Amino acid sequence: MNIAELSEKILNGDRRALARAITLVESGREDHRAQAGELLALLAQSGRQALRIGLSGTPGVGKSTFIESFGMMLVAQGLRVAVLAVDPSSARSGGSILGDKTRMERLSREKNAFIRPSPSQTNLGGVARRSREAVAVCEAAGFDVVLIETVGVGQSETVVAQMSDLFLLLLAPAGGDELQGVKRGIMEMADIILVNKADGDLKSSAMRTCADYSGALRLLRKRSQDPEGYPKAQTVSALEDSGLQSAWEAMQELVDWRREQGHWDQTRADQGRYWFGEDVRQALLSRLETPWARTRMAELSDQVAEGGVSPATAAQDLLKGLGVAG
């Protein structure tokens, strides 16, 4: 694979090259990791930045419907939109359905939109392990907005906030009371809470839920990266396309304020430090997958099970063999 040629095609907006590049950065093969590093270094020279929007919410809340309606609105305004959707992987087979392009039929036909589903594999936090690198590739390809949709399993999905400029939390009407809203974790990470399905019989319930969460947000500690009035809760209906423009205006207002106050650059710098640490941890963990490490772990596990050695001593033995013992 000619990395320089691939980089040039991505910078020129070639969609096939973009898809190939994301496949490359998601690969775990050692030679592919080296090529991915080279590609990302070349793409970083372009200096292009997109608005990265992370989106989380429980299954069934309407994330795919919201993304399609929201994406169609942005495309109609002349923006280029990329969607990186993470699908849960089976704990048994390891497979994923990867059906997001099917669920976003209208958006997938737009020439200024790009949808890429990826399996979560064994990665926790609601995103795929290389989602951050896929975002960087989409930025280099000239997309204005990159939407990162998480698996959608609940309170632990905060990793996406470490790769996005805005973190949206999508909720369903009557999904919880104000006490539920002040739970620590994902609520503290959200910049804007959107109560979806504010239409038909659920509209009044959605308004009450929005009011509950607005009250809950006022109880949370004030964050330095937020202007007055943020984080906030709003109602939307992805089905009727209502509230989407208002939500987009709120996002732009928040982003503009953070740019002016220097929070945008500081957040991206902090995220770089976070992912540097994560890459180091992952590299150390990968050393446990070598043939020697697997064999030695099996031997020491048997000794621990038989009571011949304590778990702590066995762990120190293994770490010494890997050359990482303190």
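Anyway, here's the lowdown on the structure attached to this text. Given the structure is predicted, the values throughout are model-derived calculations rather than measurements.

Tracing the backbone through its elements, the reader meets S164 in the loop between β4 (145-149) and β5 (166-171). A distance of 3.4 Å separates a polar atom in the side chain of S164 from the backbone oxygen of L166. If near-sequence neighbours (up to four positions away) are discounted, S164 is found in contact with R52, I53, G54, I148 and Q271.

What follows is about a nonpolar patch on the surface. The grouping of F276, V280, L284, L319 and V324 at the surface amounts to a nonpolar patch, some 420 Å² of accessible area in total. With three residues, helix α12 (residues 263-286) is the single largest residue contributor to the nonpolar patch. In this fold, V324 is placed in the segment after α14 (311-322).

This part is about the packing of aromatic side chains. Under the counting rule described, the total for this entry stands at four aromatic pairs. Aromatic side chains F70 and W248 sit 5.8 Å apart centroid to centroid with 70° between the ring planes, which places their arrangement in the edge-to-face category. Taken as a pair, F70 in helix α4 (residues 63-76) and W248 in helix α11 (residues 244-261) lie far apart in primary sequence, 178 residues in all. What makes F70 buried here is its relative accessible area of 0%. Between the aromatic rings of F114 and F143, the centroid separation amounts to 6.2 Å while the plane-to-plane angle is 40°, which identifies the pairing as tilted. A residue pair is termed long-range when its members are at least 10 positions apart, and F114 in strand β3 (residues 113-119) and F143 in the loop between α7 (131-140) and β4 qualify at 29 residues. An aromatic cluster is built from F66, F70 and W248, whose rings are joined through pairwise contacts.

Summarising the element assignment, V81 is placed in strand β2 (residues 81-87). Using a relative accessible area of 1% as the deciding quantity, one classes V81 as buried. On a C-alpha basis, the gap between V81 and F114 in space is 6.4 Å, while along the polypeptide they are 33 residues apart. When near neighbours in sequence (up to four residues on either side) are disregarded, V81 contacts G71, L74, V75, N112, A113, F114, F143, V145 and L147.

Definitions and cut-offs
- Residues numbered from 1 in each chain as written.
- Predicted model: local features only at pLDDT ≥ 70, side-chain atom pairs only at ≥ 80, totals over all residues.
- Heavy atoms only, no water.
- Helix = DSSP H or I, 4+ residues; strand = E, 2+ residues; numbered from the N terminus.
- Polar contact = N/O pair within 3.5 Å; in protein donor to acceptor, adjacent residues only side chain to side chain.
- Contact = heavy atoms within 4.5 Å.
- Patch = residues over 30% accessible without salt bridge, like charges linked within 9 Å, V, L, I, M, F, W, Y side chains within 5 Å.
- Areas by Shrake-Rupley, 256 points an atom, 1.4 Å probe, with all protein chains shown as cover.
- Salt bridge = Lys/Arg side-chain N within 4 Å of Asp/Glu carboxyl O.
- Phe/Tyr/Trp six-rings, centres within 6.5 Å; stacked < 30°, edge-to-face > 60°.
- Buried < 20%, exposed > 50% of the residue type's maximum accessible area, 1.4 Å probe, protein only.

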